[in-house]
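# Topology and contacts: notes
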Amino acid sequence: MPANAPTVTIAFGINGSFTNVGPDLILQVDIRRGRMYQNVFIDAGTAMVVLNNQSGAFDPSNTSSTWYNTLIAGMQVRITANSTVIYAGYLEDNMVNQGIYPTVSLTFVDGLATFGKTIAPSLSASANSESAATRAGRVLDIAQWPAGSRSLTGTTTMLATAQGMSCLDMLEQCANVIGGRFYVSRTGVATLVPLANKFSRPTQLLFSDQGDANSVGYDGIITNPGTDYVYNEATVFRGPGVNQYSATYNASVTTYGLKSKKLDAPVSNTTSAANLALYAARKDADAVVLAEQIDFTAIGIGALATDFLETELNDLVQVKRLTYDGRNITINSVVEGMAHSITTDNWRVSYFTSVVDPYTITI
Amino acid sequence: MPLCPQITITPITVTSTGMTETSVTAANAPATTEQLAGVEDLVDGKAQIYYQTTAPVGAGVKENDLWYDTDDGNKPYVFRSGVWVSAQDGSIATAQSAANTALANAATANATGVAAQNTANTALANAAVADAKGVAAQATANTALANAATAYTAAIGSLQPSANTIVNASNQMTAINGTGITVYSGASATTGARVVLNSAGLAGFNSGGSATFSISASTGAAVFSGSVTGSTITGGTLNIGGNAIIDASGYLTATGATITGTITTSNITVTGGTLTIGSTFAVTAGGVLTATGATITGTLTSNNVTITGGTLTIGAKFSVTSLGVLTAVDGVFTGTITSTNATITGGSLTVGSTFSVTSAGVLTATSGTVGGFTLSASSIYSSTNLVIETSGQISGGNSSTIFYGFANIGGGAATGERLIVAGDSSFNGKISTITSSFVGQMNYSGIATGSGSTMVVVTTGSRVAYTTSSERFKEQIEYINTTGWLDKVLQMQPITYKTSEDFTVEGEPNEEQIGFLAEDIYDIGGGLDKAVVLDPLGDPFSLSYDRLTVFLTLAIKELKAEIDQLKGA
């Protein structure tokens, strides 16, 4: 692993206890969490770990290996850097390379993959008017997600669903009705946060191309004028057989034309549904320049290592840039996703971000 | 808190101002504003345009003329204030950069689109598979429904194969007819294993058609050939095979029954009969406990045990018979034995290793103390006087009755080391002394006249002071007139001798003596043997020299007579 970068450790969970993999055996670690663009479904977090397998220890068919019968689907993994967990997931695939330089490529996914694979049954009428947090807990129970790995907040009441869908879809509904977000944290905690949560997220890193104090130098950036992400009309789809609520922000329509989106949000209270439509139609109605992707290296990140490693989805980052024509601009961004590519001599990182919007409403 | 400055977001609450809360028709195409760099019209008729590799010079060159450097990519210059100033359009580079960015974005978007297309295709394929599975599932469901209908019809048919008959899931038939209700699994309702319920009662039959139980409806009498399991039977009498009967009063009568397992009770009373445990132990109603080869373990406690007849045996070493015979082999008594009258017949009573009494009354002590007397294997020691009661006596063997020191029998004067016998006393057997003085008269029951006679033995050098010869001591007196005594006297052989060492006293002189051998005189016989004293075994022991004078006198008389005859007298 890179000498000046945070120290990476990989531990496999066996029967509830984690055992570290020899650090010298780690050749490459690629982690992807979150989503590349806003307003799309959040993807399952993945991690691909390439290990030196000259000893054959990670060959699942090697009966003399201490890992025999443990490298099976569902085995837990915990990737840490400087003792901070940056990924937690479960083994999905194991590819053994028996070439001249034997390696093994282990692919892990986080809980979102489990939720996506689990089809939830239709909820009975007794589930009517339960809060988003209760609904999320019910869905996580269906997916048999451990109770100790949950952090669920959301008081908006919901209608009972009448159709079978995946647990992940139902969790998205929970996030939609509260104008918030659902994600699996870097430590493996299924997290549901309400709308107000976006006003309390910390700003973890400052990216600057001018050497500001306590800043990280970035070496790649993709900006966007924001017009691609404009939505000025929103329809809150509450479910079949009930009234739907729509709202349109006229000024934006005048400028950008009508940009509509549908929000799958079975809100039980009609006032809340109307407010949710107002919020959804307004929050992305303005085109604001954003940094879609920020590329940097973690080598030599020094004192900012803790902030870097603790950066979670939905946290804020700030980008300072001197434009080609000499203007200083500042872009406040929300971390929608991140990618780590760690090799023996480098640690490349990409943050995928969206624009910060200040809008709120009572739902 | 992170090290970098924190972004502060001031929330803006969305209101309905400027918003329509119903669906609205989308406006026309968005007004796209493109700010293009203005292009200055440099061509005004006065300006000259040059195409050459070098900068134009000369008087013809005037303000705002244009020059395209043909060996520098036609880079444009404008002549301002006497110098050629680059007129390259910066927007080209900007446009190029934007184009590159757009190209990269397009590539990314294309990749995303391709991925999305792939995902969509996969989803479509999955949907098709799911649809096919749904169709198959529907077909399966339809088949299952048809099968269920068929099964239902078959079930109804199998449930009631004929009139008045019902069959259950275990293929048991139930017939309801004139016999009553019969549940059976065989071929017929009247044969094989079945249960019949009618007004007569309830009856069961095995596969062979034999009755296994019956309960009479009219009397309630029940007969079971199998086992009856239950918890409480109230009233009446339970008769089990005639061998075990329990009546309503709780009386259990058992003949030849066997009880296995453990019987636990706080109070058992057996009235009449005998309680027999195994083949070795029995208690009769009369309280007679009989045990043969039984073993009692643990502690046996009783305030009063009486054993009549037989023998109480404890282990292999101790037993008491009903006659009171106590036998102990190598037994050990500890503690105190108390008895008011104990008799030991036969054997020996041994106390420790030093004291024993035989059944013959022989008291043996190798050591120990009786009263103030110390015992040893052959003596009694005492620092006080040994008192013999006036009615008792002391008996002993030839050399066992020896008193050392002072012995006072009868309370004589205790002076010096001697035996003082006061009053009239009798001595049976031999009195051996070394130097003794007899005061008063000593009577002897006889002299040495033959076997069994009492005698006084006088060793060499000793004397008896008196020999009785008075007529008052004699009766049946006759004078001897017989002859032949001279010949006999002439056969007497005088000898010289010394006393054998066994009969001498140490320190006393043993000088040569003269005399006869008692055996020689005894062998002559003819009356001379009467001068010989025999011992208790009948052997010659002593010779009464004083009585030889009688025979010498008779011999002298015969000799005188012969002399007188020879003289012619």
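Residues numbered from 1 in each chain as written. Chains lettered and ligands numbered in written order. Predicted model: local features only at pLDDT ≥ 70, side-chain atom pairs only at ≥ 80, totals over all residues.

## Examining the overall build of chain A
The helix and strand inventory of chain A stands at six helices and 24 strands. In chain A, buried positions account for 44% of the 363 residues. Restricting to contacts in chain A with at least 6 residues of sequence separation, those with at least 24 account for 69%. (Helix = DSSP H or I, 4+ residues; strand = E, 2+ residues; numbered from the N terminus. Buried ≥ 20, exposed ≤ 12 C-beta atoms within 10 Å, placed from the backbone. Contact = placed C-beta atoms within 7 Å.)

## Notes on the sheet that holds strand S18 (residues 245–249) of chain A
An order of S19(A)-S17(A)-S18(A)-S2(B) is seen for the four strands of this open sheet, with the pairing classed as mixed. Single-partner strands in this sheet number two, and they are strand S19 (260–264) of chain A together with strand S2 (19–20) of chain B. Both strand S17 (residues 233–237) of chain A and S19(A) contribute to a ladder of five bridges, which runs parallel. By the bridge assignment for S19(A), A:Glu233 is matched with A:Ser260. Against the sheet, helix H5 (residues 270–283) of chain A makes contact with S17, S18 and S19 of chain A together with S2 of chain B, and its axis sits at roughly 30 degrees relative to S18(A), the strand it touches most. (Pairing = 2+ DSSP bridges. Axes fitted to C-alpha atoms, helices over the stretch in contact; angles between N-to-C directions.)

## Concerning the nonpolar core
The biggest cluster of nonpolar side chains holds 107 residues, and the ones touching the most others in it are A:Leu171, A:Leu276 and A:Ala277. In this structure, A:Leu276 is in contact with A:Gly179, A:Val236, A:Leu263, A:Ala265, A:Val267 and A:Ile363, ignoring residues within four places of it in sequence. Judged by nonpolar contacts, the second largest core, of 13 residues, contains B:Trp485, B:Ile524, B:Leu534 and B:Phe551. (Core = buried A, V, L, I, M, F, W, Y, C linked by C-beta atoms within 7 Å.)

## Considerations on the interface of chain A and chain B
Between chain A and chain B, the contact holds 37 residues from the first and 26 residues from the second. Counting only elements with at least two residues in the side of chain A that touches chain B, the list comes to strand S15 (203–208), S18, helix H4 (250–256), H5, strand S21 (316–322) and strand S24 (359–360) of chain A. Examining the composition of the side of chain A that touches chain B, we find that six residues originate from one element, H4(A), more than from any other. Taken together, the residues of the side of chain A that touches chain B break down into 21 nonpolar, 13 polar and three charged. (Nonpolar A, V, L, I, M, F, W, Y, C, P; charged D, E, K, R; others polar.)

## Comments concerning the pairing of strand S4 (residues 66–69) of chain B
Residue and element names in this part refer to chain B. The sheet contact formed by strand S3 (residues 49–52) and S4 spans four bridges and is parallel. Within the sheet, the bridge partner assigned to Ile49 lies in S4 and is Leu66. Pairing analysis gives four bridges linking S4 to strand S5 (residues 75–80), with the strands arranged antiparallel. Across the sheet, the residue bridging to Leu66 is Val78, located in S5.

## Structural notes on the pairing of S5(B)
Consecutive side chains along a regular strand alternate between the two faces of the sheet. All names here are of chain B. Remark: five residues form the turn of the hairpin made by S4 and S5, two consecutive strands paired antiparallel; Gly73 in that turn has positive phi of roughly 70 degrees. In the sheet, S5 pairs with strand S6 (residues 83–86) via four bridges, with the strands oriented antiparallel. The partner of Arg80 across the bridge, within S6, is Val83.

## Regarding unusual backbone geometry
Residue and element names in this part refer to chain A. For Ser83, which is not glycine, the phi torsion reads 70 degrees and is therefore positive. Following the sequence through the fold, Ser83 ends up in the loop between strand S5 (76–81) and strand S6 (84–97). Residue Ser83 is classed as exposed on the basis of its 10 C-beta neighbours within 10 Å. Its identity is not glycine, yet Asn214 carries a phi of approximately 55 degrees, on the positive side. Note on Asn214: 15 C-beta atoms within 10 Å, which makes it partly exposed.

## Concerning the sheet that holds strand S7 (residues 165–167) of chain B
Residue and element names in this part refer to chain B. The strand order across the open sheet formed by seven strands is S7-S8-S9-S10-S11-S12-S13, and the pairing between neighbours is antiparallel. Strands with a single pairing partner mark the edges of an open sheet, and in this sheet they are S7 and strand S13 (222–224). Between one strand axis and the next, the sheet turns by 10 degrees as a mean value, whatever way the strands run. Sheet topology places strand S9 (residues 180–184) next to strand S10 (residues 194–198); four bridges connect them, and they run antiparallel. Bridge assignment links Thr182 to a residue of S10, and that residue is Val196.

## Quick look at the confidence of the model for chain B
Residue and element names in this part refer to chain B. Averaged over chain B, the pLDDT score is 76; the fraction of residues at 70 or greater is 77%. Of all helices and strands in chain B, the one with the weakest mean pLDDT is strand S29 (residues 407–409) (60), whereas strand S1 (residues 12–13) scores best (94). pLDDT under 50 marks residues 388–401. Its contacts with residues more than four places away, or in other chains, come to four contacts. Of the regions scoring below 50 in pLDDT, residues 445–455 engages in 19 contacts with residues more than four places distant in sequence or in other chains. For this predicted complex, the interface confidence score (ipTM) comes to 0.89, while the overall pTM stands at 0.46. (pLDDT = per-residue confidence, 0-100.)

## Things to note about helix H3 (residues 167–177) of chain A
All names here are of chain A. Along H3, ten of the eleven residues are buried, which leaves the element largely enclosed by surrounding structure. Of the residues making up H3, those classed as buried are Cys167, Leu168, Met170, Leu171, Glu172, Gln173, Cys174, Ala175, Asn176 and Val177. One or two steps after H3, the chain reaches Gly179, where phi turns positive at roughly 65 degrees.

## A word on the packing of helix H2 (residues 132–142) of chain A against H3(A)
All names here are of chain A. Orientation of H2 relative to H3, taken along the N-to-C sense of each, is 170 degrees, at an axis distance of 9 Å. By the angle between their axes, H2 is roughly antiparallel relative to H3. Within the contact between the two elements, H2 uses Ala132, Arg135, Ala136, Val139 and Ile142 and H3 uses Cys167, Met170, Leu171, Cys174 and Val177. Of the residues assigned to the contact of H2 with H3, the class counts are nine nonpolar, no polar and one charged. (Parallel < 35°, antiparallel > 145°, perpendicular 65-115°, else oblique.)

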